[in-house]
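If you want the building blocks of each chain, they are given just below.
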Amino acid sequence: MMLNAEILETILETYAEELEAFDIWLKDAGYTGHTIKSYKSDVFEFLSSLNGKSLDKVKKLHVLSFLSKARDRGISDSTRNRKHASVHCFFKALIELELLEVNPATGIKKSRTEKNKAPVFLDEVDLPKFMKSVEGKYRNRNLAIFLLMAYMGLRVGEVHSLNVGDYNSQRSTIDVFGKGRKWRTLPVPTAVRDVLDEVLAERIEPRKSKEEAFFISQQGRRLSIRTIQLIAAETFDRFQENEGITRKKAYSSHKLRHSFATMMLRKGADLRTVQELLGHSSIETTTVYTHVTNREKEQAMAMLEIDLS
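Keep in mind it's a predicted model, so treat the numbers as computed, not measured.

(A) Local environment of the nonpolar core. In this structure, Phe146, Leu148, Ile174 and Phe215 are the most contacted members of the largest nonpolar core, which totals 46 residues. For this core, the secondary-structure elements that each account for two or more residues are helix H6 (127–132), helix H7 (139–152), helix H8 (156–161), strand S2 (173–177), helix H9 (190–201), helix H10 (225–239), helix H11 (253–266) and helix H12 (271–278). Of the residues forming this core, the biggest block, 9 residues, is contributed by H7. With residues up to four places along the chain from it excluded, the contact list for Ile174 reads Leu148, Met152, Leu162, Asp166, Tyr167, Arg184, Thr185, Leu186 and Val188. Counting 28 residues, the second largest nonpolar core, distinct from the first, contains Phe22, Leu26, Phe44 and Val87.

(B) Molecular detail of unusual backbone geometry. Even without glycine at this site, Glu98 takes up a positive phi of about 60 degrees. The topology assignment puts Glu98 in the loop between helix H5 (77–96) and H6. A positive phi angle is found at Ser172, which is not glycine, with a value near 55 degrees. Within the secondary structure layout, Ser172 lies in the loop between strand S1 (167–168) and S2.

(C) Here's a closer look at the sheet that holds S1. Pairing is antiparallel across the open sheet formed by 3 strands, whose spatial order is S1-S2-S3. Single-partner strands in this sheet number two, and they are S1 and strand S3 (183–187).

(D) Region of interest: the packing of aromatic side chains. Evaluation of the coordinates by the stated rule reveals 12 aromatic pairs. Geometrically, the ring pair formed by Phe90 and Phe91 is edge-to-face, given 5.4 Å between the ring centres and 65 degrees between the ring planes. In this structure, Phe90 and Phe91 share a single accessibility class: buried. Taken together, a centroid distance of 5.9 Å and an interplanar angle of 80 degrees make the contact between Phe130 and Phe239 edge-to-face. Here Phe239 lies in helix H10 and Phe130 lies in helix H6, a separation of 109 residues in the sequence. Side by side, Phe130 and Phe239 carry an identical accessibility label, which is buried. By way of ring pairs, the aromatic residues Phe22, Phe46, Phe66, Phe90 and Phe91 are connected into one cluster.

Rules used in this analysis
Residues numbered from 1 in each chain as written. Predicted model: local features only at pLDDT ≥ 70, side-chain atom pairs only at ≥ 80, totals over all residues. Heavy atoms only, no water. Core = buried A, V, L, I, M, F, W, Y, C linked by side-chain atoms within 4.5 Å. Buried < 20%, exposed > 50% of the residue type's maximum accessible area, 1.4 Å probe, protein only. Helix = DSSP H or I, 4+ residues; strand = E, 2+ residues; numbered from the N terminus. Contact = heavy atoms within 4.5 Å. Pairing = 2+ DSSP bridges. Phe/Tyr/Trp six-rings, centres within 6.5 Å; stacked < 30°, edge-to-face > 60°.

Okay, structure coming up:
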């Protein structure tokens, strides 16, 4: 929900100390810029629902009311849960910084998301075709981005935050800063390494000499998450340009990560290993990729030998 300038100004004045403290806490905790932006946007929306109420007077009812109204606007269960997490994190920060004593967002149950819904992904045979759909002046840069997601399982935010120093060409490894502020080191396939080396060789000169980003925009800045998503959307459009409207799928950059996870498991990789590669904190998150297609079900059933004689 977009807030107008007048409301934003009022919130900034009313909760100036708390918002400044939250900003300091988020940065000190090492949250990515994308996460900080999302959390602060949710918190601004929550604060606007309080109509100037002092934060030490906020009860669990106020948080539930905020979440309920957000659901009434038609947001998804996952978005509702993110807003809850943002508000919970806000009060947690203020408690740790000794500005409050109680977290009214504690004890509120999460909405049940569709855990068993199979994620959308590209089949392994379609990935080379997708890669050939990458075009334009910065083809190698964009190809490297998609290779990191499709063949190494990186998130969009992880690609965005990747620095030159995180990549070791000689050892063929890459250090990834993922969710939960955790690092993981991944081996880089030879084909991916070759493209990464090309990208480094032709890397756009950054506007600031100290810019460490691996992927630079044509303006000389770190390539934003939104730009990566737009590049992916355009490439998926080309990839599906000969498909009828009814046959087109809702692909996005994140679907390449789904493709990697599915491909690994189908090739017999251990579930725990795939969890480590993806940077999942819980193996339950990884099990969503153990889905099978209708074709695989039919092939499995065809193996049965039924003798009714």
